[in-house]
Amino acid sequence: MAVVPLLLLGGLWNAVGASNLAVVTCGSVVKLVNTRHNVRLHSHDVRYGSGSGQQSVTGVTSVDDSNSYWRIRGKTATVCERGTPIKCGQPIRLTHVNTGRNLHSHHFTSPLSGNQEVSAFGEEGEGDYLDDWTVLCNGPYWVRDGEVRFKHSSTEVLLSVTGEQYGRPISGQKEVHGMAQPSQNNYWKAMEGIFMKPSELLKAEAHHAEL
């Protein structure tokens, strides 16, 4: 397959066929793995016993747990059309599929490490501006085989795992929290899921670049 140059975000970028790019898109339902600790971002209808008392967010080693699916959506009060590629630097929401609550953070202390608490918040996918996370990655788009960081848009902490482990009732699950410092503990990668096919946007950009 021919490699075509695409003029994207002001820079020349080589990619294999715009319509076949393995980009992550709005509407996709994915599991996200922390690449340092090999745990998947997870939530469930279990609330924190301290801090905000909101629904807890953890990391699990299980690959096939349905409570690790998250839907990728546009930032608060916006609609991101299904199939729209996620750009590096774009704010998004991650909505927990089984409970309808959004990945969230705020100035509460996490229960194990003393970092910033990360919770799941809202009802039926609607919460508030503290549900917005900016995707940090290299290049124009979040690609499926690339590592990314998620920076909380309001408090600027990075979604992280450092290995602290819960006891009962969620024994063995790892704490997920926000940290100010970039490190290997902040990297995530899209794994299993249903990836919406990229929309016509990329094809249109490719056509525009060739004119």
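Scroll up to find the structure this text is about.
These figures come from a predicted structure and were not determined experimentally.

A look at the side chain of S43
Stage number 1. Tracing the chain through its elements places S43 in strand β4 (residues 39–47).
Stage number 2. Engagement of the side chain of S43 in a polar contact is seen with the side chain of Q55, the distance being 2.9 Å.
Stage number 3. Non-local contacts of S43, meaning those with residues more than four positions away in its chain, are made with Q55, S56, V57, N67, W70, H96 and A120.

Describing the environment of S62
Stage number 1. Examined against the element boundaries, S62 turns out to sit in the loop between β5 (55–60) and β6 (70–74).
Stage number 2. Expressed as a C-alpha distance, the spacing of S62 and Q173, which sit 111 residues apart in the sequence, is 9.7 Å.
Stage number 3. A polar contact of 2.9 Å, which involves the side chain of S62, links it to the side chain of D64.

Quick look at the pairing of strand β7 (residues 91–96)
Stage number 1. Extensive coverage of β7 is indicated by the burial of 5 of its 6 residues.
Stage number 2. Of the pairings in the sheet, the one linking β6 to β7 comprises 5 bridges and is antiparallel in character. Each bridged residue has a counterpart across the sheet, and for R71 the counterpart in β7 is T95.
Stage number 3. Alignment of β7 against strand β10 (residues 133–136), held across 2 bridges, turns out to be antiparallel. Opposite I92, over in β10, you have W133 as the bridge partner.

Here we look at unusual backbone geometry
Stage number 1. Residue P169 is bonded to the preceding R168 through a cis peptide linkage, with omega at 5°.
Stage number 2. Looking at where P169 falls in the secondary structure, it is placed in the loop between β12 (158–160) and β13 (174–175).
Stage number 3. Positive phi, close to 50°, is recorded for E124, a residue that is not glycine.
Stage number 4. Looking at the element boundaries, E124 is found in the loop between β9 (116–121) and β10.

Remarks on the side chain of R101
Stage number 1. Mapped onto the elements, R101 comes out in the loop between β7 and β8 (102–109).
Stage number 2. Since its relative accessible area comes to 11%, R101 is described here as buried.
Stage number 3. Those residues in contact with R101 that sit more than four places away from it in its chain are D45, R47, Q55, W70, L94, T95, H96, A120, F121, G122 and E123.

Calculation criteria
By convention here, each chain's residues receive numbers from 1 onward along its written sequence. Two thresholds apply to this predicted model, a pLDDT of at least 70 for residue-level local features and 80 or more for giving and counting side-chain atom pairs, whereas whole-chain, interface and lining totals are computed over all residues. The basis for every side-chain value is the complete set of heavy atoms in the structure, and neither hydrogens nor water enter the calculation. Think of it this way: any DSSP run of H or I at least four residues long counts as a helix, any run of E at least two long counts as a strand, and we number them from the N terminus. Within 3.5 Å is the distance limit for a polar contact, defined as a pair of N or O atoms, with the added protein rule that one can donate a hydrogen and the other accept it, and that residues adjacent in sequence qualify only through two side-chain atoms. Only heavy atoms enter the contact rule, under which two residues are in contact if any of them lie within 4.5 Å. Working definition: with a 1.4 Å probe on protein chains only, accessible area under 20% of the residue-type maximum means buried, over 50% means exposed, and in between means partly exposed. Only when DSSP finds a minimum of two bridges between them are two strands counted as paired.

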